[in-house]
Amino acid sequence: MLTAVAPSIPWCWAFPLSLVVGAFVACGESDSSAPAHGTGGSAGADAQADQSATGGTSAADAGADAVSDASVDTTDGPPCDASCAGVCVGNICHTYPARRVGIFYLAWHAFAADTIAQLPAAQRLTVEDVIKSPNPSFDVLLPTPALAEQAAGFRYHIQPELGFYHIYRKRPGDAAYPEPNYVADGTNLEKVLRTHATQLWQAGVDFVYVDLTNLQGMSPFADVLGVRPLEVLFEEWAAARAAGIMTPQIAAWVPAPDKSGPMVYEEVSRIYHEAQNAELVLRDQKTGKKVVFLVDTLTTDSGKQDSEGAGGANDVVAVRMWGLLSNRSWTLGSRPGCSPAR
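Values in this document were obtained by computation on a predicted structure and should not be read as measured data. (Residues numbered from 1 in each chain as written. Predicted model: local features only at pLDDT ≥ 70, side-chain atom pairs only at ≥ 80, totals over all residues. Heavy atoms only, no water.)

Novice: Looking at this structure, how should I read the pairing of strand S8 (residues 316–321)?
Specialist: It is a general feature of regular strands that their side chains alternate between the two faces of the sheet. Counting buried residues along S8, six of its six residues qualify, which places the element largely inside the surrounding structure. Neither face of S8 is open: one carries Val316, Ala318 and Arg320, the other Val317, Val319 and Met321, and all of them are buried. Two strands pair when backbone bridges link them, and strand S7 (residues 290–299) and S8 are joined in this way by six bridges, in the parallel orientation. By the bridge assignment, Phe293 is partnered in S8 with Val319. (Buried < 20%, exposed > 50% of the residue type's maximum accessible area, 1.4 Å probe, protein only. Helix = DSSP H or I, 4+ residues; strand = E, 2+ residues; numbered from the N terminus. Pairing = 2+ DSSP bridges.)

Novice: Please explain helix H7 (residues 301–309) as it appears in this structure.
Specialist: Because the α-helix completes a turn every 3.6 residues, residues three or four places apart line up on one side. When we look at burial in H7, the residues that qualify are Gly303, Lys304, Ser307 and Glu308. One face of H7 carries all of its buried residues, which in axial projection span an arc of 135°. Turned more than 90 degrees away from the buried face of H7 sit Asp301 and Gln305, all of them exposed. Those residues of H7 hidden inside the fold are in contact with strand S6 (249–256), helix H6 (264–272), S7 and S8. (Arc of directions from axis to C-beta. Contact = heavy atoms within 4.5 Å.)

Novice: What is the right way to read unusual backbone geometry from this model?
Specialist: Excluding glycine, residues mostly have negative phi values, and the peptide bonds linking residues are mostly trans. The omega torsion across Glu179 and Pro180 is 15°, close enough to zero to call that bond cis. Among the structural elements, Pro180 can be located in the loop between helix H3 (145–150) and helix H4 (189–202). A positive phi is found at Asn91, a non-glycine position, where the angle reads about 60°. Taking relative accessible area as the criterion, Asn91 reaches 53% and is therefore assigned exposed. One non-glycine residue, Asn188, lies in the positive phi region at around 60°. Take Asn188: it is sitting in the loop between H3 and H4.

Written out as structure tokens, the structure is:
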């Protein structure tokens, strides 16, 4: 069981292959009887971290067609009634498996997408295009220093099937940020994010953890790159559930250093505590608390305590995960007893 004092979740995680491609890993206590989607089981995350994670692994392309897996029930569950131990979506009782599966979800496309949209279609090139070229040169990706700066250094590895989308949009009533942080609102967000939700859920992925790992203090750049896209993901997946489309739950992976001005982890807490997000936030199975993952090397004890207490509700449990890997942490994890990601 995970507690705020000694978190011990058997989470595993995998790192992204590109801006739009990820891998997921099945983790948790080895349990051949663990139920799949829609077949019963607990409605939260089994929280036992900093111990050796056991169990098999799988990988999925988050942009590909939904994966068919005989071990995952992708059919409708039982109708919702008072006995539903999970979440009711579209009058169907959906449940999370006891053994959770998560994917590292990247939402920081805004600057790259906004920049590439300014190029003629023939010049919207990716790393894959360069590799396939008879005269490869990465200089063709963003052909001027101004474009490279506007893209904040981000370049696409491959063109997504849904196009060069991003999921940033300014908050209702807010003015757009001025340059260099101006990005036009994303288009087609409903289709993009409902497609992701359906593909991931049908592939057996029941939560995503969103990459905010390099964002510490709040700023317009941090908001456009990561914080607001996280908030939009919550908004769109809440709307999807209201429309009868089941989605994974959501967690954030964020640094928690000593507080110095407005912090990104404080914005994460604000988003976690929006009433419409209550069922979307990843939960610890034993305590029912909301789960936030913290970048181990960029987190202090006071930052961790603040991240758990932000909002005053004492309903968040913070789990440190390693990042910014050294050779030792790659081999052992961030602390003794951790297994490497696999």
